[in-house]
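Residue-level structure breakdown
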Amino acid sequence: MKTAGRNDPCHCGSGLKYKKCHLALDREQGGVVAPKQVERAPQPRSRRGMLVLSERERDRMRAAGKFNAQLMDEIRGMAVPGTKLDDINSFVDAYTRDHGHIPACVGYKGYPKALCTSLNEVICHGIPDAYVLKEGDIVNLDITSIVDGWHGDQSETFLIGEVSDTARKLVQCAFDSLHLAIAAIKPFSTVREIGAAIVKRAAEDGFSVVRDFQGHGIGRKFHQEPGIPHYPDSFHGGFVLKPGICFTIEPMINEGRPHSKIDRSDGWTARTIDGKLSAQFEHTLLMTEDGPEILTQTEHGPRPGHRF
C-alpha cells in the first residue's frame, strides 16, 4: 500500500492536504502516515466471544434497544431552552432505574453521570452539569441502558431553538452520514463500507470526520469487537459483518478540523481542537440475514430523509 504523501488528501476525509491536517498529530501520537494494509481484519470468535448472537440473544438485544429508544423519546422534550443539563441526567437515571434497568454510563471507567451531554464544540463524552440550554445551542444526548444484561446505545443531536445555518447544516450532515452508512451495508459487508459512505457525505458539505473515536461492537459488553471507524480504515475495515453481529455506527462530524482534545479538568470531555461545532448521531444495529436492523429506532425521532 502506498503511503500518503504530504500533499495527498488526508486519510481522515477532511478534504485538506495531509500536511495541513493529520501529519503533525500522527507524528505526536507515534502513528504512521498510512497503516499497513492487513491481510485480514480480526473476525468474530463465534458464540464463545458473544459476537455472533443466537435468535434468543438477538431478541435480548432488541429489548435493550427498544427500551433505550423509549428513553430517548422521553427526554426529547427536554432539549429546549431553559433546561439544565443536570436535570436531564437526573431524569435519565431515575427513569431507567424505575423501569428495573441500569444506566450503563454511571461508573463506567469512572464516568460520573447517567448520560453524555455534548454541547456545541464538544465532540463526545460531555458531562452533564449546571449549564442551562439556550437558544442557538446544539447538544448531543447519548444514552446507554443495560436491560437484563444487554446494552442498547444511541445518541441524537438536538437543535435548541433557532440555530445558525452552519449548525443546522452540520447536524443534517451528521444525520445523513449515519443513515447513508446503514444503507451502504448488507450481510457480509465489510466495516470499510461504513466509513466510505460517511466520508463521502461529509466531504459534500466541506466538513470533516472525527477519527479519534469510533463505533463498536455491543452486546453483554458495552464495547467489544468489531471497532467501527467512520472513515475507510485499513485494520478494522476488513472486518466482515456477519448475521448475528451487533454494533453501533455513530459518526462525529466537525465543522472545522477533525482533531480532538480532552479536557484535563475531567479527563472525559472531548472538544474540537479549533473550537468549532461538532454533531453526532448513533444507532445500535443488528446485522440480520436480510440486512441491518436498527434496534434503537424511536417512535418520535427523525427517520431517514428527515430535514432539520
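Just above, that's the structure.
As a starting point, this report considers the structure included with it. (Residues numbered from 1 in each chain as written. Predicted model: local features only at pLDDT ≥ 70, side-chain atom pairs only at ≥ 80, totals over all residues. Heavy atoms only, no water.)

1. Observations regarding empty space enclosed by the protein
For the structure shown, the criterion picks out one cavity of 30 Å³ or more. In this structure, the largest cavity encloses a volume near 70 Å³. Q154, S155, E156, F175, L178, H179, F281, E282, H283, Q297, T298 and P302 together form the lining of the largest cavity. Secondary structure elements with two or more residues in the lining of the largest cavity: β5 (150–159) and α4 (165–183). For the lining of the largest cavity, the class distribution of residues is four nonpolar, six polar and two charged. (1 Å grid on protein atoms, 1.4 Å probe; cavity = no way out; pocket = protein on both sides within 12 Å on 5 of 7 lines; lining within 4 Å. Points joined across faces, edges and corners; volume = space filled by probe spheres on them. Helix = DSSP H or I, 4+ residues; strand = E, 2+ residues; numbered from the N terminus. Nonpolar A, V, L, I, M, F, W, Y, C, P; charged D, E, K, R; others polar.)

2. Section: the sheet that holds strand β10 (residues 252–254)
In any sheet, the strands associate via hydrogen bonds between backbone groups, in a parallel or an antiparallel arrangement. In spatial order, the strands read β6-β10-β13; together these three strands make up an open sheet with antiparallel pairing. With one partner strand each, in any of the chains shown, β6 (208–209) and β13 (278–280) form the two edges of the open sheet. Note: β6 against β10, two bridges, orientation antiparallel. Paired with V209 across the two strands is I253, which belongs to β10. (Pairing = 2+ DSSP bridges.)

3. Section: the packing of α4 against helix α5 (residues 192–204)
At a minimum axis distance of 8 Å, the contact between α4 and α5 shows a crossing angle of 150°. Taken together, the axes of α4 and α5 are roughly antiparallel relative to one another. As for how α4 packs across α5, the hand of that crossing is right-handed. On the side of α4, the interface is formed by Q172, C173, D176, S177, L180 and A181, while α5 contributes I194, A197, I198, R201 and A202. For the contact of α4 with α5, the class distribution of residues is seven nonpolar, two polar and two charged. (Axes fitted to C-alpha atoms, helices over the stretch in contact; angles between N-to-C directions. Parallel < 35°, antiparallel > 145°, perpendicular 65-115°, else oblique. Left-handed = near helix turned anticlockwise from the far one by under 90°. Contact = heavy atoms within 4.5 Å.)

4. Comments concerning the pattern of salt bridges
Pairing between side chains of opposite charge can happen when the charged atoms of each approach one another. According to the stated counting rule, one finds 16 salt bridges in the structure shown. Between R58 and E55 there is a salt bridge, with its nearest N and O atoms 3.4 Å apart. Highlighted residues: R58 and E55, both in helix α2 (residues 55–76), separated by three residues, approximately one helical turn. Residue R58 is classed as buried on the basis of its relative accessible area, which comes to 5%. R201 is paired through a salt bridge with D205; the nearest N and O atoms lie 2.9 Å apart. One continuous salt-bridge network, built from bridges that share partners, spans D176, R201, E204, D205 and R307. (Salt bridge = Lys/Arg side-chain N within 4 Å of Asp/Glu carboxyl O. Buried < 20%, exposed > 50% of the residue type's maximum accessible area, 1.4 Å probe, protein only.)

5. Some thoughts on α5
Spanning 13 residues, α5 covers 19 Å between terminal C-alpha atoms, matching the ideal 18 Å at 1.5 Å per step. Of the positions making up α5, those classed as buried are I194, G195, A197, I198, V199, R201 and A202. Residues of α5 that are buried in the fold lie against α4, β6, β8 (224–228), β9 (246–249) and β10. Directly beyond the C-terminal end of α5, a positive phi value near 75° is found at G206. (Expected span 1.5 Å × (residues − 1).)

6. What to know about the nonpolar core
With 33 residues, the main nonpolar core has I194, L241, F247, I249 and I253 as its most contacted residues. No other element matches the nine residues that α4 contributes to this core. Look past the residues within four positions of I194 in its chain and what remains in contact with it is A181, I185, I228, P229, L241, F247 and I249. Listed in part, the 28 residues of the second largest apolar core include M61, I75, A79 and V147. (Core = buried A, V, L, I, M, F, W, Y, C linked by side-chain atoms within 4.5 Å.)

7. Describing the pairing of β8
Summarising burial for β8: four of the five residues are buried, a large majority. Pairing of strand β7 (residues 215–217) with β8, which is carried by three bridges, proceeds in the antiparallel orientation. What sits directly across from H216, in β8, is G227.

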